[in-house]
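Coordinate inspection notes
One letter stands for each residue in the lines below.
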Amino acid sequence: MSAGLQLVEEAILASGAVSMRKAVDYLLSLRKEEGYWWGDLTADSTLESDWLLLLLWLHPPGLDGRWVPPDPDKVARAVQAILAKQNADGGFHIFADGSSDLSASVKAYFALKLAGLAVNDPRLARLRELILSMGGIQSANSYVKINMALFGLYPREHVPSVPPEIMLQPGNALYEMSSWTRAIVIPLSIVQAATTGAPRPVPAGFTLQELFRADLPVSFHQTGQWVCWKSVFLLGDKVVKWWERRGLSASLRAKAIGRAKEWILERLCHSDGLAAIYPSMEYAIMALDVLGYSADSPERREAQKQFDALLVDEGGRFFFQPCFSPVWDTAIAAHAVGETGLAPAAALRPAGDWLLTKEVRRRGDWSVKRPNTEPSGWYFEFANEFYPDIDDTAMVLLALRHTHSSDETAYDGTLRRAVNWLLAMQSKDGGWAAFDVDNDWEVLRDVPFADHNAMLDPTCPDITGRVLEALCLCGVDHQSTAVRNGVAYLRKTQEADGSWYGRWGVNYVYGTFLALRGLRAAGFDDREAEVLRGGEWLRSVQNADGGWGESCESYARQTFVEAPSTASQTAWAVLGLLAGGDTTSESVLRGVEYLVKTQRADGGWDERLATGTGFPRVFYLTYHLYRQSFPTLALAEFMKLKSGKREANG
């Protein structure tokens, strides 16, 4: 290291120590009284748009054809929240600074027109022009068209069927779909079956005909190949529609709906709503309505209560959260604070005690493929017992190493169970997915309603890297079969440019940082080609201001797309470089310097762009604690490694 660079490093170390102390104090100030962390989780305008659709379902127009929502003031706030996200071209994006997305734009048009905006309102007129220029409503995704068809606003015969008979498939075929898809399509199948031939009413004169392109077909039954799985599924869809038109085998459909009802009711227990996520919670309410549960029934009241809790309506803020993230937020924050070494054990123990209360001890959907595995793991939300999350479980294990618990016996037993559960949830290819094992039937991507890009839950490098780190730091032998297979998975999934794909965070920066941390924890030599290439890639995409930023657009282009620097992505890149053995490069120093310089006086950071991923190319997330926790972790890692090097050099 040159003398000049060494002086720079010393200055950054001094300022970094101050910055880290401020960051810890700020993070600790955000804790809830019970010891956990819970930040906002925000997305795009589609959640508010879908809420208006649910209102229309639950409160149909009167006999005079007029629609009077139960709370007009709240509807007005929803309209303002939607319009606040309108792009200059009239459309609506699915991530900040993103181009207009057709499906989000159609949803917004429906919601705004339903809420009373006139068709000649300039905001609605610009939106309509944009939708038509992008292919009209016919080019929106299947779920938009299915939702519109529930109200007769899109021809039912030209939207994919989601038949309840999926419940009667032989074997465990239902569990080859991703967990979130199951939780969405099962209640949706009940809702669609009830509205086939009898759509729900809309206000008098309400139509979306102005969004249809006369020069484009409305049917989705087109494929360029005669013999392929897509053709098979499309033929099956035609058979289902023919069968429905003729009312054949009503007893079979009744049996299927009965199975679907049982499935939903079972999973409403021990959970804050069906799967504790917005889309399935919304469809569950609609399904319960169809099944005859009155608004006063315990089932409906509880489902509505949990859904309504997702709304933030305070101090001028109005938005729906897609779900709650307290377990995830707590694990990351506690791990970050613990890594700094600046918080006494007593300060973190309440977080550990709280996390232990959230361990899953019941069998969920995951147990279909792992029937002999003892239940454990953690979910993402406050309660979601059927769906422990592999990624959350790994993150909680990393946090518990710092928090411990007031009951060390319970703590030891929990760690043992969680490690065993993670080992059991490894897929055949050596990687780990989010909720399931070997959830990779590629053929299901050709199902007509699979264009939400979330039909499967395949393994991914980001989760695999985090699981490897957690397992190895919890004592799993580097030479164990599970670790060796995990390392092999990361080696074979590295991209040609040296990066790794990030499924649950944006995107290649996220995947690369976690892959490198997993490899380091597994004892992989940092002079190996994969690590060197990963570090070189991170340095190659650094912004001129010293930070890192990556656009959600990288998913659509399938390559890194630069964006303005963010605190969380800069932290990820610094953590990745440090994990790869780079503690002295100008890139690392400038990255740490960026974090120090952009820190607010109160110890926090600002971040405007989405860095979390729900469904690539469809739905993105802004975790409001990412900007606080990950920079704290990056500063802690940098300071620890530099202190260790100084001590080693005497």
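Look up: the structure comes first, before these words.
The model shown is predicted, which means the values in this text are computed figures rather than measured ones. (Residues numbered from 1 in each chain as written. Predicted model: local features only at pLDDT ≥ 70, side-chain atom pairs only at ≥ 80, totals over all residues. Heavy atoms only, no water.)

1. Topic: the overall build of the protein chain
- When helices and strands are tallied, the protein chain shows 23 helices and seven strands.
- Here the protein chain has a C-alpha radius of gyration of 25 Å; the compact-globule value for 650 residues is 26 Å, and the two agree.
- Evaluated residue by residue, the protein chain yields a buried proportion of 61% over its 650 residues.
- Looking at the protein chain alone, contacts between residues at least 24 apart form 73% of all its contacts between residues at least 6 apart.
- For the protein chain, the accessible area works out to roughly 24,600 Å², and carbon and sulfur atoms hold 53% of it. (Helix = DSSP H or I, 4+ residues; strand = E, 2+ residues; numbered from the N terminus. Rg over C-alpha atoms; globule rule 2.2 N^0.38 Å. Buried < 20%, exposed > 50% of the residue type's maximum accessible area, 1.4 Å probe, protein only. Contact = heavy atoms within 4.5 Å. Areas by Shrake-Rupley, 256 points an atom, 1.4 Å probe, with all protein chains shown as cover.)

2. Brief notes about the pairing of strand β7 (residues 619-623)
- Counting buried positions along β7 yields five of five residues, so the element is predominantly enclosed.
- Covered by surrounding structure in β7 are F619, L621 and Y623 together with Y620 and T622, the residues of both alternating faces.
- Examined bridge by bridge, strand β1 (residues 41-42) and β7 share two bridges and lie antiparallel to one another. When the sheet's bridge partners are listed, L41 is paired in β7 with Y623.
- Pairing of strand β6 (residues 612-615) with β7, which is carried by three bridges, proceeds in the antiparallel orientation. (Pairing = 2+ DSSP bridges.)

3. Regarding the pairing of strand β2 (residues 311-314)
- Taken together, the four bridges between β2 and strand β3 (residues 317-320) define a ladder with antiparallel strand orientation. Bridging across to β3, L311 finds its partner in F320.
- Linking two consecutive strands that pair antiparallel, namely β2 and β3, is a turn of two residues; a positive phi of about 50 degrees is found at G315 within it.

4. Here's the deal with the layout of surface pockets
- Of the voids in this model, the largest pocket is the one considered here, and its volume is about 960 Å³.
- I277, P279, G614, F615 and F619 are, among the 48 residues lining the largest pocket, the residues nearest its centre.
- Listed by contribution, the elements that provide at least two residues to the lining of the largest pocket are α2 (46-58), α4 (102-114), α6 (142-149), α7 (179-195), α10 (278-290), α14 (390-403), β6 and β7.
- Class assignment for the residues of the lining of the largest pocket results in 29 nonpolar, nine polar and ten charged.
- Size it by volume and the second largest pocket reaches roughly 570 Å³.
- Taken together, 26 residues make up the lining of the second largest pocket; nearest its centre are R445, P458, T459, Y501 and R503. (1 Å grid on protein atoms, 1.4 Å probe; cavity = no way out; pocket = protein on both sides within 12 Å on 5 of 7 lines; lining within 4 Å. Points joined across faces, edges and corners; volume = space filled by probe spheres on them. Nonpolar A, V, L, I, M, F, W, Y, C, P; charged D, E, K, R; others polar.)

5. Looking at the sheet that holds β1
- One open sheet accounts for three strands, arranged β1-β7-β6; its pairing is antiparallel. The open sheet has two free edges, formed respectively by β1 and β6, since each of these has just one partner strand.

6. Considerations on the packing of helix α16 (residues 461-473) against helix α18 (residues 508-521)
- Interaxial distance between α16 and α18 falls to 7 Å at its minimum, and their mutual angle equals 30 degrees. The angle between α16 and α18 falls in the class roughly parallel. You can see that α16 and α18 cross each other, and the crossing is left-handed. Contacts between α16 and α18 involve D462, G465, R466, L468, E469 and C472 from the former and Y510, G511, L514, A515, R517, G518 and A521 from the latter.
- When grouped by side-chain class, the residues that make up the contact of α16 with α18 number six nonpolar, three polar and four charged. (Axes fitted to C-alpha atoms, helices over the stretch in contact; angles between N-to-C directions. Parallel < 35°, antiparallel > 145°, perpendicular 65-115°, else oblique. Left-handed = near helix turned anticlockwise from the far one by under 90°.)

7. What about the pattern of salt bridges?
- Enumeration over the complete set of coordinates arrives at 36 salt bridges.
- Linking E469 and R517 is a salt bridge whose minimum nitrogen-to-oxygen distance equals 2.8 Å. Taken together, the positions of E469 in helix α16 and R517 in helix α18 put the pair 48 residues apart, joining distant regions of the chain.
- Classification of E469 by relative accessible area gives buried; the value is 5%.
- The salt bridge partner of E553 is R557, with a shortest N-O separation of 3.8 Å. Taken together, the positions of E553 and R557, both in helix α20 (residues 553-557) and four residues apart, correspond to about one turn of that helix.
- Here E553 falls in the partly exposed class, since its relative accessible area comes to 23%.
- Owing to a relative accessible area of 54%, R557 belongs among the exposed residues under this scheme. (Salt bridge = Lys/Arg side-chain N within 4 Å of Asp/Glu carboxyl O.)

8. Regarding the state of the cysteines
- As enumerated under the stated definition, the model contains zero disulfides in all.
- Of all cysteine sulfurs, the one in C552 lies closest to C460, which takes part in no disulfide; the gap is 16 Å.
- Here C472 is not cross-linked by a disulfide; its sulfur's nearest cysteine counterpart is in C474, at 9.4 Å.
- Residue classification places C472 among the buried residues on the basis of a relative accessible area of 10%. (Disulfide = S-S within 2.5 Å.)

9. Some points on the packing of α16 against helix α17 (residues 481-493)
- One way to put it is that α16 packs onto α17 with a least axis distance of 10 Å and a crossing angle of 150 degrees. What the angle tells us is that α16 and α17 run roughly antiparallel. As α16 runs across α17, the sense of the crossing is left-handed. Residues P461, T464, G465, L468 and C472 of α16 form the contact with α17, whose participating residues are V483, G486, V487, Y489, L490 and T493.
- For the contact of α16 with α17, the per-class residue count stands at seven nonpolar, four polar and no charged.

10. Considerations on helix α21 (residues 567-579)
- Between the first and last C-alpha of α21 there are 18 Å, a value that for 13 residues agrees with the 18 Å anticipated at 1.5 Å per step.
- For α21, the buried fraction is high: 13 of the 13 residues fall into the buried class.
- One or two steps after α21, the chain reaches G581, where phi turns positive at roughly 95 degrees. (Expected span 1.5 Å × (residues − 1).)

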